[in-house]
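Here is what each chain is made of, one letter per residue.
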Amino acid sequence: MLTLHNVQLAYPSPDNEPPVQVLDVPEWTVAAGEQVALIGVSGSGKTTLLNVIAGIITPDRGEVRLDDTDLVRLDEAQRDRFRATYIGYVFQNILLLPAFTALENVALGMKFADHRAGTARAQVMLEKVGLRDRARYFPRQLSAGQQQRVGIARALANRPKLVLADEPTSALDARNRDAVLDLMQTLCLDIGAALIVVTHDEAVARRFPTTLRLSEINRAHQYPSP
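As a starting point, this report considers the structure included with it.

A look at the sheet that holds strand β1 (residues 2-11)
Okay, so step 1: Taken in spatial order, the 4 strands of this open sheet run β2-β1-β4-β5, and their pairing is antiparallel. Edge positions in the sheet fall to β2 (20-30) and β5 (69-70), since each has one partner strand and no second.
Okay, so step 2: Direction of pairing for β1 relative to β2: antiparallel, over a ladder of 9 bridges. Within the sheet, the bridge partner assigned to alanine 10 lies in β2 and is glutamine 21.

Put into structure tokens, the structure is as follows:
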């Protein structure tokens with residue numbers, strides 16, 4: 001379903017130093033419906049890899065295929081539309097719009113993929129994440145765990161084929177961490193979406209059927225196992 005082939009990305013260095021290689025992924029495949037935890041230390045390219053998969057960043061070379069579509073070959077507008085339709089993203093910092101309610105935050109994300117019944121679907125998703133009575137609340141009126149549930153509802157509202165999560169529980173205590181992970185994994189199973197979570201937390205990684213160290217697929221940062 002998702003295939004990365006010869007994906008490479010380097011960032012320029014100051015003072016005419018050689019570029020810093022961030023990604024060098026020869027081959028990596030994630031099957032439809034598979035749930036994967038990627039463990040990596042700080043600076044190992046975890047977020048950059050997710051952004052490349054989502055089409056937010058374009059690699060220097062290589063292929064990023066979701067089914068038959070190579071995101072690298074799409075222009076920026078095409079990538080934005082493709083991502084809105086087929087990829088859900090749960091951000092580490094949640095990134096809810098502060099002037100919009102929980103319901104509006106979820107519904108607004110759906111509009112980018114031409115979902116006309118956004119409000120009705122958004123309400124259903126908030127019910128699924130246990131926030132039916134918080135639909136009219138603004139982000140500042142929600143706890144960190146509740147805000148992340150809104151983020152999950154927003155990411156899954158369009159029934160994506162692939163869900164990406166960047167350290168989604170880093171700001172939560174253990175109880176909320178486990179609840180959020182259970183919710184995200186269950187909802188992805190319900191819609192048949194593949195799920196990739198990047199984390200530095202071994203406790204998070206142990207909850208996934210497939211666990212990889214980022215250095216196993218990314219030759220640019222092949223740190224020894226602890």
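Next, the rest of the story.
Overview of the packing of helix α3 (residues 102-111) against helix α4 (residues 118-128)
Okay, so step 1: Orientation of α3 relative to α4, taken along the N-to-C sense of each, is 125°, at an axis distance of 8 Å. Compared by their axis directions, α3 and α4 come out oblique. The interaxial crossing formed by α3 with α4 has right-handed handedness. Across the interface between the two elements, Ala102, Leu103, Val106, Ala107 and Met110 from α3 touch Gly118, Thr119, Arg121, Ala122, Gln123 and Leu126 from α4.

Observations regarding α3
Okay, so step 1: Buried within α3 we find Ala102, Leu103, Asn105, Val106, Ala107 and Met110.
Okay, so step 2: Among the structural elements, α4 and α5 (144-156) are those in contact with the buried residues of α3.

What to know about the pattern of salt bridges
Any two side chains of opposite charge can pair, given that their charged atoms come close.
Okay, so step 1: Going through the model one piece at a time under the given rule, you end up with 12 salt bridges.
Okay, so step 2: Arginine 219 is the salt-bridge partner of aspartate 24, the closest N and O atoms lying 3.4 Å from each other. Of the two residues, aspartate 24 sits in strand β2 while arginine 219 sits in the segment after α8 (214-217), which places them 195 residues apart along the sequence.
Okay, so step 3: A relative accessible area of 46% means that arginine 219 is categorised as partly exposed.
Okay, so step 4: Among the ionic contacts, a cluster of salt bridges with common partners joins Arg177, Asp178, Asp182, Asp201 and Arg207.

Quick look at the nonpolar core
Nonpolar side chains tend toward joint burial in soluble globular proteins.
Okay, so step 1: Of all hydrophobic cores here, the largest spans 38 residues; its most connected members are Leu126, Val150, Leu156 and Met184.
Okay, so step 2: Of all elements in the fold, only β3 (35-39), α3, α4, α5, β7 (162-166), α6 (174-191), β8 (194-199) and α7 (202-205) reach the threshold of two or more residues within this core.
Okay, so step 3: Per-element tally for this core: the top contributor is α6, with 6 residues.
Okay, so step 4: Excluding anything up to four places from it in sequence, valine 150 contacts Leu96, Ala102, Asn105, Val106, Leu126, Leu131 and Leu142.
Okay, so step 5: Counting residues in hydrophobic clusters, the runner-up holds 32 residues, among them Met1, Leu23, Leu38 and Val198.

Focus on the pairing of β7
Okay, so step 1: The buried count for β7 comes to 5 of 5 residues, which makes it a mostly enclosed element.
Okay, so step 2: Residue alternation in β7 divides its side chains into two sets, Leu162, Leu164 and Asp166 and Val163 and Ala165, and both sets are buried.
Okay, so step 3: In this sheet, β8 lies alongside β7 in parallel orientation, the contact comprising 5 bridges. Residue alanine 165 lies in a different strand from β8, and its bridge partner there is valine 197.
Okay, so step 4: As a crossover connection, the stretch from β7 through α6 into β8 is right-handed.

Rules of the game
- Residues numbered from 1 in each chain as written.
- Predicted model: local features only at pLDDT ≥ 70, side-chain atom pairs only at ≥ 80, totals over all residues.
- Heavy atoms only, no water.
- Pairing = 2+ DSSP bridges.
- Helix = DSSP H or I, 4+ residues; strand = E, 2+ residues; numbered from the N terminus.
- Axes fitted to C-alpha atoms, helices over the stretch in contact; angles between N-to-C directions.
- Parallel < 35°, antiparallel > 145°, perpendicular 65-115°, else oblique.
- Left-handed = near helix turned anticlockwise from the far one by under 90°.
- Contact = heavy atoms within 4.5 Å.
- Buried < 20%, exposed > 50% of the residue type's maximum accessible area, 1.4 Å probe, protein only.
- Salt bridge = Lys/Arg side-chain N within 4 Å of Asp/Glu carboxyl O.
- Core = buried A, V, L, I, M, F, W, Y, C linked by side-chain atoms within 4.5 Å.
- Right-handed = clockwise from strand over helix to strand, strands pointing away.

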